[in-house]
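Given next are the chains, with one letter for each unit.
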Number of protein chains: 4
Amino acid sequence: MIVTLKKSCTEEQLKDLVHWVESQGLEAQVTRGNFKTIVALVGDTASLDTTLLSRLDYIASVTRIQEPYKKANRKFHQEDTVIELNNHLKIGGKNFVVMAGPCSVESEEQICTVAKRVKAAGATVLRGGAFKPRTSPYAFQGMGAEGISLLLKAKQLTGLPIVSEIMDISKLDLFADVDIIQVGARNMQNFELLKELGHCDKPILLKRGLSNTLQELLMSAEYIMAGGNERVILCERGIRTFETYTRNTLDISAIPALKELTHLPVIVDPSHASGISRLVPPLAMAATAAGADGLIVEVHNDPAKALCDGPQSLTPDEFDSLMGKVRSLLPLTQKVMEG
Amino acid sequence: MIVTLKKSCTEEQLKDLVHWVESQGLEAQVTRGNFKTIVALVGDTASLDTTLLSRLDYIASVTRIQEPYKKANRKFHQEDTVIELNNHLKIGGKNFVVMAGPCSVESEEQICTVAKRVKAAGATVLRGGAFKPRTSPYAFQGMGAEGISLLLKAKQLTGLPIVSEIMDISKLDLFADVDIIQVGARNMQNFELLKELGHCDKPILLKRGLSNTLQELLMSAEYIMAGGNERVILCERGIRTFETYTRNTLDISAIPALKELTHLPVIVDPSHASGISRLVPPLAMAATAAGADGLIVEVHNDPAKALCDGPQSLTPDEFDSLMGKVRSLLPLTQKVMEG
Amino acid sequence: MIVTLKKSCTEEQLKDLVHWVESQGLEAQVTRGNFKTIVALVGDTASLDTTLLSRLDYIASVTRIQEPYKKANRKFHQEDTVIELNNHLKIGGKNFVVMAGPCSVESEEQICTVAKRVKAAGATVLRGGAFKPRTSPYAFQGMGAEGISLLLKAKQLTGLPIVSEIMDISKLDLFADVDIIQVGARNMQNFELLKELGHCDKPILLKRGLSNTLQELLMSAEYIMAGGNERVILCERGIRTFETYTRNTLDISAIPALKELTHLPVIVDPSHASGISRLVPPLAMAATAAGADGLIVEVHNDPAKALCDGPQSLTPDEFDSLMGKVRSLLPLTQKVMEG
Amino acid sequence: MIVTLKKSCTEEQLKDLVHWVESQGLEAQVTRGNFKTIVALVGDTASLDTTLLSRLDYIASVTRIQEPYKKANRKFHQEDTVIELNNHLKIGGKNFVVMAGPCSVESEEQICTVAKRVKAAGATVLRGGAFKPRTSPYAFQGMGAEGISLLLKAKQLTGLPIVSEIMDISKLDLFADVDIIQVGARNMQNFELLKELGHCDKPILLKRGLSNTLQELLMSAEYIMAGGNERVILCERGIRTFETYTRNTLDISAIPALKELTHLPVIVDPSHASGISRLVPPLAMAATAAGADGLIVEVHNDPAKALCDGPQSLTPDEFDSLMGKVRSLLPLTQKVMEG
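Please read all numbers here as calculations on a predicted model, not as lab measurements.

Within chain A one finds 10 helices and 15 strands. Principal-axis analysis of the C-alpha atoms gives chain A an extent of 75 × 45 × 40 Å. Considering chain A as a whole, with its 339 residues, one finds that 65% of them fall into the buried category. Summarising the internal contacts of chain A: among those between residues at least 6 apart in sequence, 66% fall at separations of at least 24. In the form shown here, chain A has an accessible surface area of approximately 11,600 Å², with 49% of it arising from carbon and sulfur atoms.

Quick look at the structure:
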């Protein structure tokens, strides 16, 4: 960490600073320049609260050299994290996972039909929303507890592990038999929720917030990991940009960038990223080619039942076709898909 | 609401659409063009879920003409909302409110000292954080329940009503004697929290999210109001932009824009917006000149106790001086400040 | 085009509007709603200046249904544009082009060495900057006219056609023997330059601006095409977002989105998009998998001559290796690479 | 400037680096930490090209402590720059300037009528566009040379100095009698244009680009100043954000921030910033209250001639009323308005 001092900083203030730095178990190395005096903090500064320093009125700026996350940091954990579900499915490392299913659970028939179709096509995890974060209070908010029950029926029927989104700590009990708990983009910095999930024994699928940086995503992962739960799967799902043709903008660089910064698995959601089903296959291919550890894709069942077809969902046939292409591409990456 | 159809839309699909629109109590007026056929939905479409429509695969686009919020909409509620606290302080309308206090409650002495100073300078509400949303799990997370108790002591001492941030529904009981409950920027779309606060009998200070639009802010207000609690105060506190000199960018246009769109009071937080105490006075003056209904300003007590001085907080003397300037400016706006 | 009127609009104003619309060769269809009256403009509105309408004070909003570009619009030109260079190299359609070379031309030896290496690896166009847009007036601004001469020597030596960036109309004569003229991101809306290039008989490589939308990019292409030069190659080179780990954010969705909107070829610059050479191969693979018509990649020659190595440039060996991977991927796309 | 080295950096590479730093007339101070070795560059690094350093492959990061602009930097030029026009009007320092006029010059009658009205209301400079940067090639591009002639007639008639936008170097001769040359937002990084204007003897009104940072704005000012022309007026005119209610977002913090960073005058354009005439007065008041050195406001003449009324332009009466309010506010700032 590099601290630059204001010209107004007195010798006494500098001495105070050096003393405080040493009290934190760090070493302070002082460099005096013509324009600025610089103090380099040498040692493990990852868990140091920089705001404490930047608040000192004789300090001009504080620049981190070391990342502020530790448990999620690849520097301190070189090997890829591989997360194993109860059915022994592995996520991370050389394993490529495909999670698929409808945006919302709508009925037993719907979720079971989709589950069978996506399993047949090669998906290894079933997704489905029971609690839906909606911008409008007047929009459908999901089936709630009943949605979770229907997902569990589909799990029983197909053997597919399930992933579903939690929106509030108070609902945690309902997720007892859910295999992976998803934290949505709008809750990426719901720190109370993250802390609680840090004490939970299930893998967490953590989606990147719409305007958050990779470092902020990793700090949110760190919240969960700091609580003891190190089974975090990161998900790039598109960020907000000025482009309006697509709903969001898939940050494809996030894949190789996160692979450098962290050992956690990184999957991609091309459905929410684009909001347009026609764009899902090229984005899914791109994500696979860029080295993602998997995909999470929206698939709906019944294009005829028009009012429920998401504009960003694939039909089962389109998903079948996409899975064929992804399978042809995988040998060029270093990943393998189960089943 | 304007719906444009794809060329592929059949007569039967159009008939289905018109039928569905009518079943929602709306009228459908069809215009056939050379390139596109357009259906105008006439009636009260505010609470219609547009995604239901946009999901139909023969629909090219759905454009709202009417805003999707109703209770927060000035069109249906022309007069300014005026919120009255238990001590009869009024917020909104012609009243200018100043909320001031430290970022975090740190000790009884600190909060009481600051409370007395900001009251003397003219503040009419005391702010102080007990629960702090922090990007890093390793940073100070606030004093929690004890922080609330200390705020209540300062309230008793000075008579100032208090405002403090809630981060999770489970803590709601602790806010029984808090006068205004704040929802922070990162929780603006924590819909479960908003729903719960909709059933609460206290004014809610709702801060705009870092990358949210005014419409999204109003939709979040609508969540609270739809639950029955119509006492919502909106707060512009800076948005995320590419500028890095300031921590965020104060969207000054949000003030007159929100005054057009809604009847709810709009206050401004120049401290979080800039992150630099030197910039707080010019931004506070600008916000006042632009027609804000009030300010929420960070003031710390003891510049000598250096490690606690926020770089964005004013000293009590600086706050005094700012209040003098704001008072000179108010006669040019149409607002008055109590006391 | 959909025009919504304000409540205050009088019958006479509406009549004036309808009259004006008809005078533009369009039809006006009026729909009266409870809240708003809507006028649909039916006919070819692509070249209509919407600001003329939005300036009328009785108009609430103007929404385009039809795109404002025509020559670049796939709706009016279904087949992919294929651009043929003097050496018969084809760009667009089923052809995959790879342009490679150094960021800046630095010396005859440098450009010739790199040219031979990238040709051997499979590149079919040589890139090299002679005029460099630099944020600082104190940074190296390129070799200018001499840089162009050196590029022409490398062209003579290898037979590779060359692409180089123009920064001002006054330098156009120097580009007489350059095969493709590049317009950089910062000049995407330098409309005087675009107009001039519209009268030129060379293909133009038009880079997307750092914060521009796809529609704005296509409007800039339209400027060139409206002048008569329809040989425009679009280039996605990363946009500005809040992410700071990468220099820019590659908008991978731009590839399939542009393929829907326009018939022009779309290539990708993974070097400027990321600013980090380690990220260039995964982004190049992603772009290829997403259906790009080609790549433009920075390759430098001499890693030992340290001060000239761009952090975003590949070494010739790294480029060789990337080309091998791209070649394995191409059969999965519908593209072929010459040579 | 702080350079952090990669772990892989050898002693020899470090020695090379120190040698190179010293060859640039700077001192290199080396600090070895557990995780990183840091080299502080001490001396005048303002005109150092950091890319030269960041390109070295043993360097992890380069962080500027000193700003990369020098002539525009308040650190090296403490007093406010005051620019005096030929008619002795002063811009900067304690002087508050109001530039007003139509978006585009449309006819002699129009520009002369508006000129008289804005002069009567208190404006001291006349603005008017002759060359208009338009997103669409099909939109009105301005009257060009004839527009400049009409502006000169209005100048002769009223005595008001004039400001107008240049879009290309080749038109510079037409600006011989224009008092202030404006560089528009889209040309802020048209470096060839900036260089040329650096050799010109007229004040330059430099508008901030839609997505540019304050530092980039100051670097563009530096381009002009490095050429010898130090009479640069900066203009904040709104930046691109996710908000769509306003056309752009006025960055009000830019005013006090620029006042800290530079000695150049800073004016504000509330018309382009909002794109809505109703919002112009509150934004103009906010800008004045925040310490701006002036305003540039769009005023059109004839609201009845509807098709030419910009939605962001004030009528002369509205401008009159705004000027009255600005005059009441000025005594609270430290500025005075001539006339």
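Still more ground to cover, so stick around.
In this section: the relation of the copies chain B and chain A. Note on the copies: chain B fits chain A at an RMSD of 0.0 Å, the axial shift is 0.0 Å, and the rotation between them is 180 degrees. A rotation of that kind, with that shift, is consistent with a two-fold axis. Ranked by how close their C-alpha atoms come to the rotation axis, the residues of chain B are headed by B:S211, at 3.2 Å. Counting the interface residues of chain B, we find that 100% of their copies in chain A are interface residues as well, pointing to one common contact surface.

The subject of this paragraph is the relation of the copies chain C and chain A. One copy of the chain maps onto the other through a rotation about an axis plus a displacement along that axis. Taken as rigid bodies, chain C and chain A are interconverted by a rotation of 180 degrees and an axial shift of 0.0 Å, the fit giving an RMSD of 0.0 Å. In this assembly, 100% of the residues forming the interface of chain C have copies in chain A that are likewise at the interface, indicating an isologous arrangement.

Helical periodicity: at 3.6 residues per turn, an α-helix aligns residues three or four positions apart in one direction. Residue and element names in this part refer to chain D. If you check helix α4 (residues 145-158), its first and last C-alpha atoms are 20 Å apart, about what 14 residues at 1.5 Å a residue would give, namely 20 Å. Looking only at α4, the buried set comprises G147, I148, L150, L151, A154 and T158. Taken down its axis, α4 places every buried residue within 160 degrees of arc, on the same side. Buried-residue contacts for α4 involve α3 (108-121), β8 (125-127) and β9 (162-166).

Here the focus is the side chain of C:D168. Here C:D168 lies in the loop between β9 (162-166) and β10 (180-183). Buried charged residue C:D168 carries no salt bridge. Nearest counter-charge: C:K171, at 5.3 Å. A polar atom in the side chain of C:D168 sits 2.6 Å from the side chain of C:S170. Among residues more than four places away in sequence, those in contact with C:D168 are C:L193, D:D168, D:I169 and D:E192.

Take the sheet that holds strand β1 (residues 2-5) of chain B next. Residue and element names in this part refer to chain B. Sheet architecture is open: 4 strands sit in the order β2-β3-β1-β4, paired in antiparallel fashion. Where the open sheet ends on each side, the last strands, each with one partner, are β2 (27-32) and β4 (59-63). Shown here is a sheet whose adjacent strand axes are inclined to one another by a mean of 20 degrees, direction ignored. Alignment of β1 against β4, held across 4 bridges, turns out to be antiparallel.

Residue and element names in this part refer to chain B. It is the contact of helix α3 (residues 108-121) with helix α4 (residues 145-158), at a shortest axis distance of 9 Å, that shows an interaxial angle of 40 degrees. On the basis of the axis angle, α3 is oblique to α4. In terms of crossing hand, the pair formed by α3 and α4 is right-handed. On α4, the residues touching E108, I111, C112, A115, K116 and K119 of α3 are L150, L151, K153, A154, L157 and T158. Here the contact of α3 with α4 is built from residues that sort into 7 nonpolar, 1 polar and 4 charged.

Here we come to the interface of chain C and chain A. On the side of chain A, 30 residues touch chain C, which itself brings 30 residues to the contact. Sorting the residues of chain C by area buried against chain A places C:E243, C:Y245 and C:E260 first, and these three jointly supply 19% of that buried surface. Where C:E260 meets A:R278, a salt bridge forms, and the shortest distance between an N and an O atom there is 2.6 Å. The interface formed by chain C and chain A holds 8 residue pairs in polar contact (both at pLDDT 80 or more) in total. The element contributing the most residues to the side of chain C that touches chain A is helix α9 (residues 280-289) of chain C, with 5 residues. The residue inventory of the side of chain C that touches chain A, partitioned by class, reads 18 nonpolar, 7 polar and 5 charged.

For chain A, the domain assignment lists domain 1 (2-63) and domain 2 (83-337). Each of domain 1 of chain A and domain 2 of chain A has a C-alpha centre, and the two are 43 Å apart.

All names here are of chain A. Phi at H88 is positive, roughly 75 degrees, even though this residue is not glycine. Tracing the chain through its elements places H88 in the loop between β5 (83-84) and β6 (90-91). Taking relative accessible area as the criterion, H88 reaches 53% and is therefore assigned exposed.

Next up on the list: the packing of aromatic side chains. One pass over the full model with this rule turns up 12 aromatic pairs over all chains. The interplanar angle of 75 degrees and the centroid separation of 5.9 Å between the aromatic rings of A:F242 and B:F242 together place this pair among those described as edge-to-face. Pair noted here: A:F242 is in the loop between β12 (232-236) and α7 (254-261) and B:F242 is in the loop between β12 (232-236) and α7 (254-261), and the two residues belong to different chains. Taking the relative accessible area as the measure of exposure, A:F242 reaches 15% and is therefore buried. An aromatic cluster of at least three residues, connected via ring pairs, comprises A:F242, B:F242, C:F242 and D:F242. Positioned over the ring face of B:F242 is C:R240, at 5.9 Å from the centre of the ring.

Note that C:P137 resides in the loop between β8 (125-127) and α4 (145-158). Exposure remark for C:P137: the relative accessible area of 18% places this residue in the buried category. Discounting residues that sit within four places of it in the chain, C:P137 has contacts with D:M219, D:E222, D:Y223 and D:A226.

Looking now at helix α10 (residues 316-329) of chain A. Residue and element names in this part refer to chain A. With 14 residues, α10 ought to run about 20 Å at 1.5 Å a step, and its terminal C-alpha atoms sit 20 Å apart, in line with that. Taken together, the buried positions of α10 are occupied by P316, F319, L322, M323, V326 and L329. Projected onto a plane normal to the axis of α10, the buried residues spread over an arc of 125 degrees and lie on a single side.

Moving on, we come to the sheet that holds strand β1 (residues 2-5) of chain C. Residues and elements named next belong to chain C. Taken in spatial order, the 4 strands line up as β2-β3-β1-β4 in an open sheet, and their pairing is antiparallel. Either end of the sheet is taken by a strand with one partner, and the two such strands are β2 (27-32) and β4 (59-63). Direction aside, neighbouring strands of the sheet carry axes that sit 20 degrees apart on average. In terms of strand pairing, β2 meets strand β3 (residues 37-42) through 6 bridges, oriented antiparallel.

What counts and how
- Residues numbered from 1 in each chain as written.
- Chains lettered and ligands numbered in written order.
- Predicted model: local features only at pLDDT ≥ 70, side-chain atom pairs only at ≥ 80, totals over all residues.
- Heavy atoms only, no water.
- Helix = DSSP H or I, 4+ residues; strand = E, 2+ residues; numbered from the N terminus.
- Buried < 20%, exposed > 50% of the residue type's maximum accessible area, 1.4 Å probe, protein only.
- Contact = heavy atoms within 4.5 Å.
- Areas by Shrake-Rupley, 256 points an atom, 1.4 Å probe, with all protein chains shown as cover.
- Least-squares fit on C-alpha atoms with pLDDT ≥ 70 in both.
- Expected span 1.5 Å × (residues − 1).
- Arc of directions from axis to C-beta.
- Lys, Arg positive; Asp, Glu negative; His and termini not counted.
- Salt bridge = Lys/Arg side-chain N within 4 Å of Asp/Glu carboxyl O.
- Polar contact = N/O pair within 3.5 Å; in protein donor to acceptor, adjacent residues only side chain to side chain.
- Pairing = 2+ DSSP bridges.
- Axes fitted to C-alpha atoms, helices over the stretch in contact; angles between N-to-C directions.
- Parallel < 35°, antiparallel > 145°, perpendicular 65-115°, else oblique.
- Left-handed = near helix turned anticlockwise from the far one by under 90°.
- Nonpolar A, V, L, I, M, F, W, Y, C, P; charged D, E, K, R; others polar.
- Buried area = accessible area lost by both parts, 1.4 Å probe.
- Domains from an automatic or database assignment.
- Phe/Tyr/Trp six-rings, centres within 6.5 Å; stacked < 30°, edge-to-face > 60°.
- Lys NZ or Arg CZ within 6 Å of the ring centre and 35° of its normal.

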